[in-house]
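What follows is the residue order along each chain.
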Amino acid sequence: MSDLHKLEIDKGYLVGTLLDLLAIPSPTGFTDEIVHYTGARLDELGVDYELTRRGTMRAILRRNMPERRKSSPACAVVSHLDTLGAMVREIKPNGRLALMPVGTWSSRWAEGGRVTIFSEDGKRFRGSVLPLLASGHVYNEAIDTQPVSWDQIELRVDEAVESAASTAGLGIRIGDYVAFDTSPEILENGFIVSRHLDDKAGVASVLAALKAVLDAKAAVPMDCHVVFTVSEEVGSGASAVIESDVSEVIGIDIGPVAAGQGARENGVTIPLMDSAGPHDYHLTRRLLALCEEHGIPAHRDVFRFYHSDAGAAVSAGADVRTALLCFGADASHGYERTHLTVLTQLAEVIALYMQAGPTIREDRQRRLDSVEPFSHQIEQDGDEPGSVMSRRTGEE
């Protein structure tokens, strides 16, 4: 690891990219425009990419150290372009709209949201999401005791409509997508507050890391697949895009900050386990070692109610080591808050990882015919402390 260099991250590029991403509505299933934007960014960087039928993107940062090649595996860094949102479930008799959530999130965070409804004929309508009992002047204390559920809210369209027929006459239909305004705010003290930082802040950090590696002409010892998925919020994510030559996958995503959690709004967060189970022992410890060696604060965590692209890849049958690398953010799936320093440090770690080479040398072979070269998780008799990890990681 000593040959690796912590690269300068272009903060202006990171912030500008994040604001661009936040301005593009992209609830799961309505992601075409953000795919076009991301493709344009990759074109600017001169990185080749390909798309699946649904729009998942796979760019490849090519290895540039042929003298050290033998038969190195590839790695993947995965973030997601899709966000939470909603879909029109019903046009109600009063002309307002009942909603079905896209992704898993509470209607408590939807209440009060300003939204855009996208009709299939290209029209856009504005509106507000309100509780059924919205006016204290009418319902008094009942507004504070009504349940919290998606059945308890409705979308008031900002048009002169008073019936289902008049709303339908505008061209609004069941199945139309509803995108919530992100309302981003970047404060002078570095805090960033917005809806949908999950995972647009992660995407911006990945692109900033990729730019840093290319600008520095840094040594890249193994092909790195930079993947942008479009269905992580509904669980499928990276389930069908990890190629067979990939030996390790790092998901880049949000780290929820809350009481009892290790995630913080400074440094990066590396969870050792989430709802899909433990992440790979060697890969997670390598990320922690990269942070320690290069002076980047890192926080360990365990996520109890959390799914990711990395977990989706394993669930789909990919034989890969996995880890998560997260930016800490308060109030996940709501008005999320993180800090520019966190996103910069996240980009720094991603850039270091792109320079690092395989975590386990023997992973260049898809199958071993003996346990002798297989990795160990504890030191063996006669080894110096740390020698097992140092002997089995990186390129020869």
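### Some details on the nonpolar core
Move 1: Within the largest apolar cluster, 70 residues are counted, with the highest numbers of intra-cluster contacts made by F228, L325, F327 and I350.
Move 2: The element that contributes the greatest number of residues to this core is helix α6 (residues 197-215), accounting for eleven residues.
Move 3: Dropping the residues within four chain positions of it, F228 is found in contact with T38, L42, G55, T56, M57, S79, L81, V203, V206 and L207.
Move 4: In terms of nonpolar packing, the next biggest core, distinct from the first, is built from 20 residues, V88, I91, L97 and V157 among them.

### Here's the deal with the packing of aromatic side chains
Move 1: Enumeration according to the criterion identifies six aromatic pairs in this entry.
Move 2: Relative to W150, the ring of W105 has its centre 5.1 Å away and its plane inclined at 70°; by these criteria the two rings are edge-to-face. Of this pair, W105 sits in the loop between β5 (97-102) and α3 (107-110) while W150 is found in the loop between α4 (136-139) and β8 (153-157), placing the two residues 45 residues apart along the sequence.
Move 3: Taking relative accessible area as the criterion, W150 reaches 13% and is therefore assigned buried.
Move 4: Over the face of the ring belonging to F191 we find R337, whose NZ or CZ atom lies 4.2 Å from the ring centre.

### Side note on unusual backbone geometry
Move 1: In this structure, the amide linkage connecting D198 to the following residue, D199, adopts the cis form with an omega of 5°.
Move 2: As for its placement among the helices and strands, D199 is situated in helix α6.
Move 3: Unusually for a residue other than glycine, K217 sits at a positive phi of about 50°.
Move 4: You can see K217 is positioned in the loop between α6 and β12 (224-229).
Move 5: Positioned with a positive phi, A331 is a non-glycine residue whose angle comes to about 60°.
Move 6: Under the relative-accessibility criterion, A331 is labelled partly exposed at 22%.

### A short note on the confidence of the model for the chain
Move 1: Scored by pLDDT, the chain has a mean of 92; 93% of the residues are at 70 or more.
Move 2: Here residues 384-392 is modelled with pLDDT under 50, and outside its nearest four sequence neighbours on either side it reaches 20 contacts, counting other chains as well.

### Digging into the pattern of salt bridges
Move 1: What the rule picks out here adds up to 15 salt bridges.
Move 2: The partner of E50 in a salt bridge is R58, with the nearest N and O atoms 2.1 Å apart.
Move 3: Relative accessible area serves as the criterion here: at 41%, E50 is assigned to the partly exposed category.
Move 4: Among the residues examined, R58 registers a relative accessible area of 9% and is labelled buried.
Move 5: One salt bridge connects R89 with D151, and the closest N-O pair in it is separated by 3.3 Å.

Scoring rules and cut-offs
- Residues numbered from 1 in each chain as written.
- Predicted model: local features only at pLDDT ≥ 70, side-chain atom pairs only at ≥ 80, totals over all residues.
- Heavy atoms only, no water.
- Core = buried A, V, L, I, M, F, W, Y, C linked by side-chain atoms within 4.5 Å.
- Buried < 20%, exposed > 50% of the residue type's maximum accessible area, 1.4 Å probe, protein only.
- Helix = DSSP H or I, 4+ residues; strand = E, 2+ residues; numbered from the N terminus.
- Contact = heavy atoms within 4.5 Å.
- Phe/Tyr/Trp six-rings, centres within 6.5 Å; stacked < 30°, edge-to-face > 60°.
- Lys NZ or Arg CZ within 6 Å of the ring centre and 35° of its normal.
- pLDDT = per-residue confidence, 0-100.
- Salt bridge = Lys/Arg side-chain N within 4 Å of Asp/Glu carboxyl O.

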